[in-house]
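Architecture and fold: a report
These are the residues of each chain, in order.
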Amino acid sequence: MPNRRALVAGLAFGLAAAAAPLSTFAQEKLPVVASFSVLGDFVRQVGGDRVNVTTLVGPDGDAHVYSPTPADAKAMSAAKLVVVNGLHFEGWLPRLVKSSGTKATLAEATKGITPLEADDDHDDRGKGHAHAHGHDDPHAWQSIANAKTYVANIRDALSMADPAGKATYDANATTYLAALDGLEGEVKALVARIPAERRKAITTHDAFGYFVKAYGIEFVAPQGVSTEAEASARDVARIIRQVKAQKIPAVFLENVTNPRLVEQIARESGAKVGGRLYSDALSAESGPAGTYIRMMKHNISEIEKALTAGPA
Ligand code: ZN
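Let me begin by describing the structure that accompanies this report. (Residues numbered from 1 in each chain as written. Predicted model: local features only at pLDDT ≥ 70, side-chain atom pairs only at ≥ 80, totals over all residues. Heavy atoms only, no water.)

1. Section: the sheet that holds strand 1 (residues 30–36)
Heads up, the rule is: Criterion used throughout: strands pair if DSSP finds at least two bridges between them. Numbering goes from the N terminus for both helices and strands, where a helix is a DSSP run of H or I of at least four residues and a strand is a run of E of at least two. Interaxial angle, 0 to 180 degrees, is taken between N-to-C directions of lines fitted to C-alpha atoms, where a helix line uses only the stretch in contact.
Spatial ordering of the open sheet is given by 2-1-3-4, a layout of four strands whose pairing is parallel. In this open sheet, the two strands that pair with only one neighbour each are strand 2 (51–57) and strand 4 (105–108). Each adjacent strand pair in this sheet contributes to an overall mean axis angle of 25°, direction not counted. Here strand 3 (residues 81–84) pairs with strand 4 via four bridges, running parallel. Within strand 4, the residue paired with Val 82 across the bridge is Leu 106.

The structure is reproduced here in structure tokens:
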């Protein structure tokens with residue numbers, strides 16, 4: 001076995017040597033793990049060529065209920081830096097950190113962000129819901145102002161882990177932060193086109209609290225801020241009544257949740273099904289939301305289209 005492993009390693013080395021110019025060899029890339037796809041994109045934007053990013057929960061994956069794989073543990077133990085969201089988004093992470101034995105620095109991308117409290121007033125599931133009250137809403141990336149804090153935290157964490165790259169990380173972050181400013185302007189301009197009384201919609205789980213606060217579109221969801229617990233029949237019935245009473249124009253599917261619930265609400269309330277929103281994960285690279293900026297543009301464009309057009 002050792003011989004075979006040595007042979008494979010030698011082969012891989014030989015192939016890489018054949019394919020890569022010498023200069024790539026001189027610089028070893030910083031191994032970074034990002035817990036989910038939005039963070040993976042931020043690390044790539046700021047780290048550029050200096051980093052090698054492994055994303056644990058990939059495109060369209062649900063980080064609320066993830067089960068880490070042996071490959072994840074391997075990436076964790078090889079990492080110099082692990083970037084996580086925090087605010088209890090990645091409940092499975094502490095165990096993975098322990099089991100992988102990683103010595104990497106753990107950076108919380110939400111450091112310095114004032115969390116919103118999860119709105120669980122519709123929490124009548126009748127189960128022992130220890131986390132249901134007074135906990136933080138983890139979906140802070142849905143506000144672009146917060147995303148800028150994420151990027152600044154990631155820039156600082158990369159510079160700490162790889163001081164020789166500081167100038168590169170600073171420059172990349174400055175460029176990307178300017179792009180986020182542009183994005184925020186576009187989002188606000190599209191919101192402004194939606195008549196004020198139609199700025200309300202339904203999603204499956206409560207992932208848009210920060211978006212609501214930042215951009216003034218009201219989202220109501222039968223499921224709480226996590227996808228762990230199912231919505232009760234009472235929650236669904238209440239939302240159907242609410243859609244009718246408040247003339248909520250549209251319901252949206254999400255990439256990380258089952259469409260069944262929202263389709264039922266649309267059917268029974270008469271609201272139309274808008275597009276699919278990317279809440280907790282990017283799409284695949286080739287999809288409509290392969291980066292954070294494309295995700296936010298896609299979401300606001302779907303929201304604007306669905307809420308502006310058609311009768312209430
Ligand atoms: Zn979520």
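Don't stop here, the text continues.
2. Examining the nonpolar core
Just so we agree on the cut-off: Only buried residues count toward a nonpolar core. Its members are Ala, Val, Leu, Ile, Met, Phe, Trp, Tyr and Cys residues joined through side-chain atoms within 4.5 Å. Residue exposure (1.4 Å probe, protein chains only): buried if accessible area is under 20% of the type maximum, exposed if over 50%, otherwise partly exposed. Here, two residues are considered to be in contact whenever any of their heavy atoms come within 4.5 Å of each other.
With 75 residues, the main nonpolar core has Phe 42, Leu 180, Tyr 292 and Ile 303 as its most contacted residues. Ranked by the residues each element gives to this core, the list is headed by helix 7 (residues 166–192), at nine residues. With near-sequence residues (within four places) excluded, Ile 303 lies in contact with Ile 194, Phe 211, Ile 217, Phe 219, Phe 252 and Leu 277. With 14 residues, the next largest nonpolar core counts Ile 202, Ile 248, Val 262 and Ala 266 among its residues.

3. Some words on the packing of aromatic side chains
We count it as follows: Between the rings of Phe, Tyr and Trp (Trp by its six-membered ring), a pair exists once the centres lie within 6.5 Å; its type follows the angle of the planes, with under 30 degrees stacked, over 60 edge-to-face, and the other angles tilted.
Applying the stated criterion across every chain yields a total of 12 aromatic pairs. Ring plane angle 75° and centroid distance 5.9 Å describe the contact between Phe 42 and Tyr 150, whose orientation is recorded as edge-to-face. Within this pair, whereas Phe 42 is found in helix 3 (residues 37–47), its partner Tyr 150 is found in helix 6 (residues 144–161), the two being separated by 108 residues in sequence. Residue Phe 42 is classed as buried on the basis of its relative accessible area of 0%. Here Tyr 150 falls in the buried class, since its relative accessible area comes to 0%. Ring centres of Phe 219 and Phe 252 lie 6.4 Å apart, and the angle between their planes is 55°; this geometry places the pair in the tilted category. Of this pair, Phe 219 sits in strand 6 (residues 218–220) while Phe 252 sits in strand 7 (residues 250–254), and the two are 33 residues apart along the sequence. Just as Phe 219 is buried, Phe 252 falls in that class too. Among the aromatic residues, those joined into a cluster by ring pairs are Phe 208, Phe 211, Tyr 215, Phe 219 and Phe 252.

4. A closer look at the packing of helix 3 against helix 6
In a packed pair of helices, the relevant descriptors are the angle between the two axes and the axis-to-axis distance. Selection criterion: In these notes the angle categories are as follows: under 35 degrees is roughly parallel, over 145 is roughly antiparallel, 65 to 115 is roughly perpendicular, and the rest is oblique. Two helices cross in a left-handed way if the nearer one is turned anticlockwise from the farther one by less than a right angle. They cross in a right-handed way if the turn is clockwise.
Contact pair helix 3 / helix 6: the axes reach a minimum separation of 10 Å and the direction vectors enclose 55°. It follows that helix 3 is oblique to helix 6 by the angle criterion. For helix 3 against helix 6, the interelement crossing comes out right-handed. Residues Leu 39, Phe 42, Val 43, Val 46 and Gly 47 of helix 3 lie in contact with helix 6, whose contacting residues are Ala 147, Tyr 150, Val 151, Ile 154, Arg 155 and Leu 158.

5. Quick look at the sheet that holds strand 6
Pairing is parallel across the open sheet formed by four strands, whose spatial order is 6-5-7-8. Both edges of this open sheet fall to strand 6 and strand 8 (272–277), since each of them pairs with a single strand only. Adjacent strand axes in the sheet meet at a mean angle of 35° when their direction is disregarded. Looking at chain direction, strand 5 (residues 200–202) and strand 7 are connected through two bridges and run parallel. Bridge pairing in strand 7 links Ile 202 to Val 251. Across the sheet, helix 11 (residues 292–308) touches strand 5, strand 6, strand 7 and strand 8, and the angle it forms with strand 8 is around 170°.

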